[in-house]
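Given next are the chains, with one letter for each unit.
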Amino acid sequence: MAKDRRVRVKVCKFCESKIVHIDYKDEKVLRRFITDRGKIIPRRMSGVCERHQRQLTRAIKRARQIATLPLVAESVK
Amino acid sequence: MPLYETTVVINSTLEESVIDERIQKIADLLTQSGAKDIRPDRRGVRRLAYSIRGKDGQWRTQADYTFLFYEAPGTAVRTLESQLRIDEDVLRYMTVRYDHEPPAAEVADDNGGPSVGPKGRGPMAEESEG
């Protein structure tokens, strides 16, 4: 057997706090799931479950439309 | 009738009272088009994530946000959007349809809270872009 590797169990933040609906108006929450550049963080990195990631993506894209979240970060432009 | 939520981003250089008036006008238009249970939620002036050029050619870095939640036939949304499209002071608008009433605003809290498995549970609110 190879060396014991510790596997960090990632738990979906939304499931943890029992959130059923991700709101596009909730900028504070959404900001945690985008990079400095403004890209959506993949769920393999954030640990968000499939169902919530789908909701999250939609919410972020909506927030971008109404200019509450950036399309591209100001510094990158 | 489906539920809708319209976000209206208005030029914040207008007087407070003028913006109020505009929102009232939008609500009246919706009522005329058969909307009911209109719940406006004015969030006030806030910074935009990126600057938007208004119809007057000026770049805006802040604007006034209002969310209107209502129950209406689809035709009402069409009427409203056609009106918003030509409004000089509306920088952005977006309508979202909800098939179910979304649960009251929940705040995601990273600290504490019971540990739940990675799979979500409970029924999800079905949504579609209006």
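Every residue gets a number counted from 1 within its own chain, in the order that chain's sequence is written. Lettering for chains starts from A, numbering for ligands starts from 1, and both go in the order in which the items are written. pLDDT decides what is reported in this predicted model: residues at 70 or higher carry local features, side-chain atom pairs at 80 or more are listed and counted, and totals for whole chains, interfaces and linings draw on all residues regardless.

S.K.: Please explain the overall build of chain B as it appears in this structure.
M.R.: Per the convention used, a helix needs a DSSP run of H or I reaching at least four residues, while a strand needs a run of E reaching at least two, with both numbered from the N terminus. Assigned secondary structure in chain B consists of two helices and five strands. Going residue by residue from the N terminus, the α and β elements of chain B occur as β-α-β-β-α-β-β. The burial label depends on the number of other C-beta atoms within 10 Å of a residue's C-beta. Counts of 20 or more mean buried, 12 or fewer mean exposed, and intermediate counts mean partly exposed, with C-beta atoms placed from the backbone. Here chain B holds 130 residues, and 25% of them are scored as buried. Here the contact rule is simple: place C-beta atoms from the backbone, and any two residues whose C-beta atoms are within 7 Å are in contact. Excluding contacts between residues fewer than 6 apart, the proportion of contacts in chain B whose partners are at least 24 apart in sequence is 76%.

S.K.: Explanation requested: the overall build of chain A in the structure shown.
M.R.: On a plain count of helices and strands, chain A comes out with four helices and zero strands. Overall, chain A shows an N-to-C arrangement of helices and strands of α-α-α-α. Relative to the 2.2 N^0.38 estimate, which gives 11 Å for 77 residues, the radius of gyration of chain A is 15 Å and therefore markedly larger than a compact globule would have. In terms of overall dimensions, chain A has C-alpha extents of about 50 × 30 × 15 Å along its principal axes. Here chain A, with 77 residues, has 38% of them falling under the buried criterion. Long-range contacts, defined as pairs at least 24 residues apart, comprise 71% of the intrachain contacts of chain A with a sequence gap of at least 6. A radius of gyration in this sense is built from C-alpha atoms; the matching globule rule multiplies 2.2 Å by the number of residues raised to 0.38.

S.K.: Can you help me understand the pairing of strand β2 (residues 36-53) of chain B in this one?
M.R.: Side-chain direction in a regular strand flips from residue to residue, so the side chains alternate between the two faces of the sheet. Residue and element names in this part refer to chain B. Strand pairing follows a simple DSSP-based rule, namely that at least 2 bridges must link the two strands. Both β2 and strand β3 (residues 59-71) contribute to a ladder of eleven bridges, which runs antiparallel. Looking at the pairing, Arg-42 lines up with Thr-66 of β3. Connecting β2 to the antiparallel partner β3 that follows it, the hairpin turn spans five residues, and Gly-57 within it adopts a positive phi of roughly 90 degrees.

S.K.: Which parts of the structure should I look at to understand unusual backbone geometry?
M.R.: The bulk of non-glycine residues show a negative phi, and the bulk of peptide bonds are trans. Residues and elements named next belong to chain A. One non-glycine residue, Lys-18, lies in positive phi territory at about 55 degrees. On the secondary structure map, Lys-18 appears in the loop between α1 (13-16) and α2 (27-31). In this model, Ala-67 sits at a positive phi of 65 degrees, which is unusual for a non-glycine residue. Following the sequence through the fold, Ala-67 ends up in the segment after α4 (50-65). Since 24 C-beta atoms lie within 10 Å of it, Ala-67 is described here as buried.

S.K.: In this structure, what is going on with helix α2 (residues 74-86) of chain B? I would like to understand it.
M.R.: Residues three or four positions apart in an α-helix share a direction because the helix packs 3.6 residues into each turn. All names here are of chain B. Expected helix span is computed as 1.5 Å times (number of residues minus one). For α2, spanning 13 residues, the distance from its first C-alpha to its last is 19 Å, which sits close to the expected 18 Å at 1.5 Å a residue. Within α2 the residues assigned to the buried category are Ala-76, Val-77, Leu-80 and Leu-84. Along the axis of α2, the buried residues cluster in a sector spanning 95 degrees; they form a single face. Opposite its buried face, α2 presents the exposed residues Gly-74, Thr-75, Ser-82, Arg-85 and Ile-86, each directed more than 90 degrees away. Each element contacted by the buried residues of α2 is listed here: β1 (3-11), α1 (16-32) and β4 (90-98). Taking the helix axis as origin, the arc is that swept by the directions to the C-beta atoms.

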